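Residue-level listing of the chains:
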Amino acid sequence: MPYFSGMGKYRIIRKLNPIEQAFTLSNDAMPLCVVCVLQLCDGPDAMELEAALAGLQSRHALLKAGIHKAGGQYYFHQLAPLSPIPLNLAEQKGPDAWQAVAEGALNTIFDRRGPLMKCWYLTGVNERDCELIVCFHHAIIDGISARLILHELLSLAGGIELPPPVPGGAVPVFPGAFRGLRWIGQILRFAGRQMRAEWAYKKAGMIAPIPAGSENAVVSFRLSPEISRKLTVRIGREGLSLNTVLLAAITQVVAGRNYAGKKKRLARILSFADLRPSVVPAVSDQELGCYVSMLRLSVPVAEETTLSELSSQVRKAIYKASRQGEVFILSKISKQLVGMVLRLKNQRLGVSALSFIGKLDLDQQYGPIGLKHVSAFITNNRFGPEFSAFGKILFGAISLDFTYLTAETGPDLAQEMAEEIRAALENMADSPYI
């Protein structure tokens, strides 16, 4: 593990990749983190949980790291001396006490000096139910590594032996078409497409004012396993994907609520793609880090458009952008894009956003510990989308966990929007396929 010239006392683990740098730059200006809420039954005691966190930290270099900035770049460095993962203990004060803790974490700039993970444990007096709230700096976590960390933490807390940790692999790079001289051609063609898209969006796009603040609040819903199964079957018959249907449902409700009767019907949406299998070499699902890309797309949303029709439009837009290599291009320029948004402060990234990881492959039982549900939230800010969600399938049930900005959306309206999205998905699941 080398020392880098100009890095002084810091022992470098690796340089952050472009999206990790973008998320770190964003968090330096305004809060940006990932918060997971684990609802448990017969959870561990405080000493068992502290031991599990220590064991978890010993398995992963990025849990023993901070982030240092040098020469305009960010680097993971080894903490010396090592600080334990912070664990805050508190007593439950009502069934929704976890929500205040989660929102507090979402609205706090994560200290990049490390460790890059922290926890809260809420327990009740003489009650079996408890909540473990885990907060990550977004640079060390994506959907794949979140599943890994949650599984390992619950296993260690439940007394289940884990296999030895997998050593970190070589630092991945983008495919050859997005490096060297070929990259110049890619970025020039992308810039041309973006100029045309910006011109079209200025003429016909849904543009919301930038709110005064970036305070986040949360709301969630979970479909039943039966409805989830029926919806998945229906989506498959129509040749769609769950990701595009969920994003379309969110977009349709935001457009209907905020842009009803307006002539401008083009919506800018954000979808996130997993880059782990596409970089060279592919990144193991046993390795921490953030290997995602953000696709920024525009789709027409006519007031009479059905959810199936809009889902098809979203699917086509994602497919087209992927064929043009935009998952790699937008990942590579993500730090510059975030820097531009923070510097200009005159535009929002989109109307809606979805980060969908598919199946969250966790067990319902970890030794004596029962896992009942997991919610996951990602901080938004006033330059971000109007309504954003994290989507997953856990124990056969589809769920969406939303963040919204209190400066533009009240809790009652957020709940109504979430229920409208739920109703649209349930109607699609129950409607006959013709």
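Presented here is an overview of the structure given in this document. (Residues numbered from 1 in each chain as written. Predicted model: local features only at pLDDT ≥ 70, side-chain atom pairs only at ≥ 80, totals over all residues. Heavy atoms only, no water.)

With respect to the packing of aromatic side chains
Tallying each qualifying case throughout the model produces 5 aromatic pairs. A ring pair is formed by phenylalanine 178 and phenylalanine 328, whose centres lie 4.9 Å apart and whose planes are at 35°; its orientation type is tilted. Linking phenylalanine 178 in the loop between helix H4 (143-157) and helix H5 (180-204) with phenylalanine 328 in helix H9 (residues 326-332), this pair joins segments that are 150 residues apart in sequence. Exposure remark for phenylalanine 178: the relative accessible area of 7% places this residue in the buried category. Their ring planes at 15° and their centres at 4.8 Å tell us that phenylalanine 387 and phenylalanine 402 sit as a pair that is stacked. Within this pair, whereas phenylalanine 387 is found in strand S14 (residues 387-394), its partner phenylalanine 402 is found in strand S15 (residues 397-405), the two being separated by 15 residues in sequence. By relative accessible area, which is 0% here, phenylalanine 402 ends up buried. An aromatic cluster of three or more residues is present, and its members are Phe174, Phe178 and Phe328. Its guanidinium or amino end placed over the ring of tryptophan 183, lysine 332 lies 4.4 Å from that ring's centre, counting from NZ or CZ. (Phe/Tyr/Trp six-rings, centres within 6.5 Å; stacked < 30°, edge-to-face > 60°. Helix = DSSP H or I, 4+ residues; strand = E, 2+ residues; numbered from the N terminus. Buried < 20%, exposed > 50% of the residue type's maximum accessible area, 1.4 Å probe, protein only. Lys NZ or Arg CZ within 6 Å of the ring centre and 35° of its normal.)

Some points on the state of the cysteines
Evaluated as defined, the whole model comprises 0 disulfides. Just so you know, cysteine 41 is unpaired, no disulfide at all, and the nearest cysteine sulfur is the one on cysteine 130, 7.7 Å from it. The closest cysteine sulfur to the non-disulfide-bonded cysteine 119 is located on cysteine 135, 8.9 Å from its own sulfur. (Disulfide = S-S within 2.5 Å.)

Structural notes on the sheet that holds strand S7 (residues 129-137)
Sheet strands associate in pairs through backbone hydrogen bonding, adopting either a parallel or an antiparallel arrangement. Strand order across the open sheet formed by 6 strands is S5-S6-S7-S2-S13-S12, with mixed pairing between neighbours. The open sheet has two edge strands with one neighbour each: strand S5 (87-91) and strand S12 (365-366). Pairing between S12 and strand S13 (residues 369-378): 2 bridges, direction antiparallel. Bridge pairing links tyrosine 366 to isoleucine 369 in S13. Packed on one face of the sheet, helix H3 (residues 97-106) meets strand S2 (33-41), strand S6 (117-123), S7 and S13 and runs near 160° to S2. (Pairing = 2+ DSSP bridges. Contact = heavy atoms within 4.5 Å. Axes fitted to C-alpha atoms, helices over the stretch in contact; angles between N-to-C directions.)

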